[in-house]
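# Close look at the chain arrangement
These are the residues of each chain, in order.
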Amino acid sequence: MYISEMRINCAGESGNVYRVLIVDDEKVERTGLRLLLGKMDQKFEITEAVNGKEALEWLSCNRADILVTDIRMPFVDGLELVEQAARLYPDMKAMIFSGYGEFEYARRAMRFGIEEYILKPVNSLELTNVFTQLKIKLDQEISEKRNTEILQKYYMESLPLLQANFYSTLIEGRIMEGDLPKYIEDYQISLK
């Protein structure tokens, strides 16, 4: 099995390191993409696989943030790889590089939620822009998740006060009977 891992960290950067899985049966394509990612002002940890079968084996016990795959490969093609990988990691971003511009490939790929379908040969400027946009999207998703977790924490810390206020309002008769189930659910109250 061929699995190559390489971490590319550009000096002076801040932010998250994203794991990129490159899957292509052509070594020159994998190498070119790895070199291009190394020149970008981003942080990427790169793993390579030579076909979809190896990629799925790797993904069964590892996580990737971005999956970059060719379509036509031996054993498991790129479309099947994207479909199965999306089941494992629904929030993983996927892009397909292909020498085939057939509409049917693109249509099937879109059904699996890919971010980009790029025809080979790949323009380095276009690819840089795509990865920059993917990094921005991943950064935003992480930020939103952190904000949600912070709000959840504050809510849980405020819950005793909210419950006490609810009991006072209930005793005073200021809660409509139809609103009671919502308060009970929202404030996690057990009335027995």
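A few points on the structure. (Residues numbered from 1 in each chain as written. Predicted model: local features only at pLDDT ≥ 70, side-chain atom pairs only at ≥ 80, totals over all residues. Heavy atoms only, no water.)

## Comments concerning the overall build of the protein chain
The number of helices and strands found in the protein chain is six helices and six strands. Starting at the N terminus and walking to the C terminus, you meet the elements of the protein chain as β-β-α-β-α-β-α-β-α-β-α-α. Nonlocal contacts in the protein chain, meaning residues at least 24 apart in sequence, comprise 70% of its contacts between residues at least 6 apart. Carbon and sulfur atoms form 53% of the exposed surface of the protein chain, whose accessible area is close to 11,400 Å². (Helix = DSSP H or I, 4+ residues; strand = E, 2+ residues; numbered from the N terminus. Contact = heavy atoms within 4.5 Å. Areas by Shrake-Rupley, 256 points an atom, 1.4 Å probe, with all protein chains shown as cover.)

## Focus on the pairing of strand S5 (residues 93–98)
On any regular strand, side chains alternate: one points to one face of the sheet, the next to the other face. Within S5, six of the six residues are buried, which leaves the element mostly enclosed by the surrounding structure. What you see with S5 is no split at all: Lys93, Met95 and Phe97 on one side and Ala94, Ile96 and Ser98 on the other are buried throughout. In this sheet, S5 lies alongside strand S4 (residues 66–70) in parallel orientation, the contact comprising five bridges. Bridging from a neighbouring strand, aspartate 70 pairs with phenylalanine 97 of S5. Handedness of the crossover joining S4 and S5 through helix H3 (residues 78–88): right-handed. Bridging between S5 and strand S6 (residues 116–119) involves four bridges; their strand directions are parallel. Across the sheet, the residue bridging to isoleucine 96 is tyrosine 117, located in S6. (Buried < 20%, exposed > 50% of the residue type's maximum accessible area, 1.4 Å probe, protein only. Pairing = 2+ DSSP bridges. Right-handed = clockwise from strand over helix to strand, strands pointing away.)

## Quick notes on a nonpolar patch on the surface
Taken together, the side chains of Ile150, Leu151 and Tyr154 define a hydrophobic patch exposed on the protein surface, amounting to about 320 Å² of accessible area. With respect to the helices and strands, the residue leucine 151 is situated in helix H5 (residues 124–171). (Patch = residues over 30% accessible without salt bridge, like charges linked within 9 Å, V, L, I, M, F, W, Y side chains within 5 Å. Salt bridge = Lys/Arg side-chain N within 4 Å of Asp/Glu carboxyl O.)

## Examining the pattern of salt bridges
Inspection of every chain in the model, using the stated rule, returns 10 salt bridges. A salt bridge links arginine 174 to glutamate 172; its shortest N-O distance comes to 2.9 Å. Across this residue pair, the class does not change: arginine 174 and glutamate 172 are exposed. Across the salt bridge formed by lysine 182 and aspartate 186, the nearest N and O atoms sit 2.6 Å from each other. Note that lysine 182 and aspartate 186 are positioned in helix H6 (residues 180–186) at a spacing of four residues, about one turn of the helix. The class for lysine 182 is exposed, based on a relative accessible area of 54%. Residue aspartate 186 is classed as partly exposed on the basis of its relative accessible area of 29%.

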